[in-house]
Amino acid sequence: NAGVTQTPKFRVLKTGQSMTLLCAQDMNHEYMYWYRQDPGMGLRLIHYSVGEGTTAKGEVPDGYNVSRLKKQNFLLGLESAAPSQTSVYFCASSDLPGSGANYGYTFGSGTRLTVV
Amino acid sequence: KNEVEQSPQNLTAQEGEFITINCSYSVGISALHWLQQHPGGGIVSLFMLSSGKKKHGRLIATINIQEKHSSLHITASHPRDSAVYICAVSSYGNKLVFGAGTILRVKS
């Protein structure tokens, strides 16, 4: 089982460049999330989606955009990268709460992004 | 005050010791999660709890909803258990709010 796959795993960007991080899950989960992890700050929610075609802002959405055109994919875009966006990005997916299934989370392996 | 507080922040144990990591939260939740992250590694979900107790191998997680408190226990600890253990709570939209993590080092 692939679970949650993130690409790329590493990337170095120059300030002002744009890029898209791709997250794909094969578990038919409705909910998908993008988190960033920074030293001393822990994990924080950037954006999330409760189903195909829906997106919502999390705790730290500024500078990022997302799209969920297909249920299995959740894309995170940086339109104009800034050094403050240097971080490790994790995608995750989960079942619908209360569905009776195990709605624990499955995380991707992370993307280490450096903006110089 | 953070919504999710973990203690201790750092923990060093000798191989074979019984380990407890605590988590307190201050908000209404639908579930509490325990996660594990090895250095430079990904995040693995260990448990998702809404009540009572769960056990998986040497790991045990408990939750007291009334007291808004959860504990993660590791029995017969081993150096491979060395990792960061993160408590997180979920509410609307199943979004997670994370604790700061507990850095565990188990020495042989």
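If you're wondering where the values come from, they're calculated on a predicted model, not measured in any experiment.

Undergrad: Pulling in residues and values, what's your account of the interface of chain A and chain B?
TA: Listed as interface residues are 18 residues of chain A and, on the opposing side, 18 residues of chain B. Of the roughly 1500 Å² buried between chain A and chain B on both sides combined, carbon and sulfur atoms contribute 64%. At the junction of chain A and chain B, the tally comes to zero salt bridges. Here chain A and chain B share two residue pairs in polar contact (both at pLDDT 80 or more) between them. Elements with a contribution of two residues or more to the side of chain A that touches chain B: β4 (31-38), β5 (42-49), β9 (87-94) and β10 (105-107) of chain A. For the side of chain A that touches chain B, the element with the highest residue contribution is β4 of chain A, accounting for four residues. Each residue belonging to the side of chain A that touches chain B can be placed in one class, and the counts come to eleven nonpolar, five polar and two charged.

Undergrad: Before we move on, can you summarise unusual backbone geometry with the specific residues and values?
TA: With an omega dihedral of -5°, the bond running from Thr 7 of chain A to Pro 8 of chain A counts as a cis peptide bond. Among the structural elements, Pro 8 of chain A can be located in the loop between β1 (4-7) and β2 (10-13). The linkage connecting Ser 7 of chain B with the following residue, Pro 8 of chain B, adopts the cis geometry, with an omega of -5°. Tracing the backbone through its elements, the reader meets Pro 8 of chain B in the loop between β1 (4-7) and β2 (10-14). In this structure, Asn 28 of chain A takes a positive phi of about 60° despite not being glycine. Position of Asn 28 of chain A among the secondary structure elements: in the loop between β3 (19-25) and β4. Positive phi values are uncommon outside glycine, yet Lys 68 of chain B reaches one of about 55°. Within the fold, Lys 68 of chain B resides in the loop between β7 (59-64) and β8 (69-74).

Undergrad: Describe the sheet that holds strand β6 (residues 52-56) of chain B, naming the residues involved and giving the relevant values.
TA: All names here are of chain B. Taking strand neighbours across the sheet as the criterion, the five strands line up as β1-β3-β8-β7-β6 in an open arrangement whose pairing is antiparallel. Unpaired on one side and paired on the other, β1 and β6 mark the two borders of the sheet. Here the strands of the sheet are splayed against their neighbours by 15° on average, with no regard to which way each runs. By the bridge criterion, five bridges tie β6 to β7 in an arrangement that is antiparallel. By the bridge assignment for β7, Lys 53 is matched with Thr 62.

Undergrad: I'd like a description of the packing of aromatic side chains, backed by residues and values.
TA: Enumeration over the complete set of coordinates arrives at eight aromatic pairs over all chains. Ring centres of Tyr 31 of chain A and Tyr 33 of chain A lie 6.5 Å apart, and the angle between their planes is 70°; this geometry places the pair in the edge-to-face category. The burial state of Tyr 31 of chain A is the same as that of Tyr 33 of chain A; both residues are buried. Three or more aromatic residues joined by ring pairs make a cluster, and in this case those are Tyr 31, Tyr 33, Tyr 35, Tyr 105 and Phe 107 of chain A together with Phe 98 of chain B.

Undergrad: Run through the pattern of salt bridges, naming residues and quoting values.
TA: Two side chains of opposite charge can pair, provided their charged atoms sit close to one another. Residues and elements named next belong to chain A. All told, the structure shown has four salt bridges over all chains when counted by the stated rule. Lys 71 is the salt-bridge partner of Glu 30, the closest N and O atoms lying 2.9 Å from each other. Taken as a pair, Glu 30 in the loop between β3 and β4 and Lys 71 in the loop between β7 (64-67) and β8 (73-78) lie far apart in primary sequence, 41 residues in all. If you follow the salt bridges from partner to partner, you end up with Arg 36, Asp 38 and Arg 44 in one network.

The rules behind these values
- Residues numbered from 1 in each chain as written.
- Chains lettered and ligands numbered in written order.
- Predicted model: local features only at pLDDT ≥ 70, side-chain atom pairs only at ≥ 80, totals over all residues.
- Heavy atoms only, no water.
- Contact = heavy atoms within 4.5 Å.
- Buried area = accessible area lost by both parts, 1.4 Å probe.
- Salt bridge = Lys/Arg side-chain N within 4 Å of Asp/Glu carboxyl O.
- Polar contact = N/O pair within 3.5 Å; in protein donor to acceptor, adjacent residues only side chain to side chain.
- Helix = DSSP H or I, 4+ residues; strand = E, 2+ residues; numbered from the N terminus.
- Nonpolar A, V, L, I, M, F, W, Y, C, P; charged D, E, K, R; others polar.
- Pairing = 2+ DSSP bridges.
- Axes fitted to C-alpha atoms, helices over the stretch in contact; angles between N-to-C directions.
- Phe/Tyr/Trp six-rings, centres within 6.5 Å; stacked < 30°, edge-to-face > 60°.
- Buried < 20%, exposed > 50% of the residue type's maximum accessible area, 1.4 Å probe, protein only.

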